Amino acid sequence: MSAWTTRRRALFLAASVFVVASSVSSASAETVRHHRAHLVRTVQYARAAYVPLQPFSMDAPSTRQGADVRVAYYAPHAIPRAQRAEQDEATQPMPEMELRGSGPTVAGNRAVLRNGVAYAPANAPASVKSAIWAVNSIRSKPYHWGGGHGSFQDSGYDCSGTVSFALHYAGVLNQPLPSSDLLRYGERGRGRWITIYSRHGHTFASIAGLRLDTTDFSRGGNVGPRWYNAGRDTWGFEARHPEGL
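Overview of the structure. (Residues numbered from 1 in each chain as written. Predicted model: local features only at pLDDT ≥ 70, side-chain atom pairs only at ≥ 80, totals over all residues. Heavy atoms only, no water.)

1. Points about the nonpolar core
At step 1: In terms of nonpolar packing, the biggest core is built from 33 residues, with Val128, Ile132, Phe165, Leu167, Ile194, Ile207 and Trp227 touching the most fellow members.
At step 2: At the level of elements, strand S3 (117-121), helix H3 (126-136), helix H4 (159-169), strand S5 (194-199), strand S6 (202-207) and strand S7 (210-216) are the ones that each hand at least two residues to this core.
At step 3: Counting residues per element, this core draws most heavily on H3, which supplies six residues. (Core = buried A, V, L, I, M, F, W, Y, C linked by side-chain atoms within 4.5 Å. Buried < 20%, exposed > 50% of the residue type's maximum accessible area, 1.4 Å probe, protein only. Helix = DSSP H or I, 4+ residues; strand = E, 2+ residues; numbered from the N terminus.)

2. Digging into H4
At step 1: A large share of H4 lies buried, amounting to 11 of its 11 residues.
At step 2: Within H4, the full set of buried residues consists of Cys159, Ser160, Gly161, Thr162, Val163, Ser164, Phe165, Ala166, Leu167, His168 and Tyr169.
At step 3: Summarising the contacts, the buried residues of H4 are in contact with H3, helix H5 (179-182), S5, S6, S7 and strand S8 (221-228).
At step 4: With a side-chain oxygen lying 2.7 Å from the backbone nitrogen of Gly161, the N-terminal cap of H4 falls on Asp158.
At step 5: Taken from the residues just after H4, Gly171 is the one with a positive phi, measuring 80°. (Contact = heavy atoms within 4.5 Å. Polar contact = N/O pair within 3.5 Å; in protein donor to acceptor, adjacent residues only side chain to side chain.)

3. Some remarks on the packing of aromatic side chains
At step 1: Evaluated as defined, the whole model comprises four aromatic pairs.
At step 2: Plain terms: the ring middles of Tyr197 and Phe204 are 5.0 Å apart, the flat faces sit at 15° to each other, and that makes the pair stacked.
At step 3: Given a relative accessible area of 11%, Tyr197 falls into the buried group.
At step 4: Judged by relative accessible area, Phe204 falls into the buried class, the value being 2%.
At step 5: Measuring from ring centre to ring centre gives 5.2 Å for Phe204 and Phe237, while their planes differ by 80°; the resulting arrangement is edge-to-face. In this pair, Phe204 sits in strand S6 while Phe237 sits in the loop between S8 and strand S9 (238-241), placing the two residues 33 residues apart along the sequence. Neither residue differs from the other here; Phe204 and Phe237 are each classed as buried. (Phe/Tyr/Trp six-rings, centres within 6.5 Å; stacked < 30°, edge-to-face > 60°.)

4. Some remarks on the side chain of Lys129
At step 1: Secondary-structure assignment places Lys129 in helix H3.
At step 2: We classify Lys129 as buried; its relative accessible area is 18%.
At step 3: With residues near it in sequence (within four places) discarded, Lys129 still touches Ala120, Pro121, Ala122 and Ala124.

5. Side note on the sheet that holds S3
At step 1: The mixed open sheet is built from three strands, whose spatial order is S1-S3-S2. Looking at which strands have only one partner, the edges of the open sheet turn out to be strand S1 (105-106) and strand S2 (112-114).
At step 2: Both S2 and S3 contribute to a ladder of three bridges, which runs antiparallel. Looking at the pairing, Leu113 lines up with Ala118 of S3.
At step 3: Where H3 meets the sheet, it contacts S1 and S3, and its direction lies at approximately 170° from that of S3. (Pairing = 2+ DSSP bridges. Axes fitted to C-alpha atoms, helices over the stretch in contact; angles between N-to-C directions.)

These figures capture arrangement, not role.
So, in structure tokens, the structure goes:
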């Protein structure tokens, strides 16, 4: 016998008892209320028919044995991976300069300065010419303390960064050096083509007769890499030069 048949019979029996009890004139009001409450509970029980549940299914329950149950699953959309933002043009590293070609040249053994641009002497070794032409490319850069030490390519240069840049493009230095290390660089004394003057706190160079310095005495301070015809007092400086130059 099914559960639903049992509930229907219980409902019919309760209703019959309530009708009989209500029709007997001698039945007390308390007895009638008792049977009425029993009938209400029986009706509520009968209405709660057994209904098999299927997860996420809006279809009516199937009475067929072994019926397939359709279950809906939520499949989240794929979240795209975060892409690295492209660097702004202002923050991108400066491209490596190609400075080993030709450049302005004059006859003789001494460089000439014209409108801030150094002309390399024709008789100088190729490494010296390359250093001069390379420095021409940074001759308008501002003075930055520590500039030219993280990389030879920078937005500004200090004194030792400037000299390191020139030595690098002469092919005699692989990494930038501070002034204290340039005190022990190369060989002691002045060189034929390149001389480095160093002391604790400042460095400058003489290349083919021109002074490469970040100090401008006419302005009274550091201005950045510049060429000068005039020399400067070398008292207190240690003179060093690259081997062979």
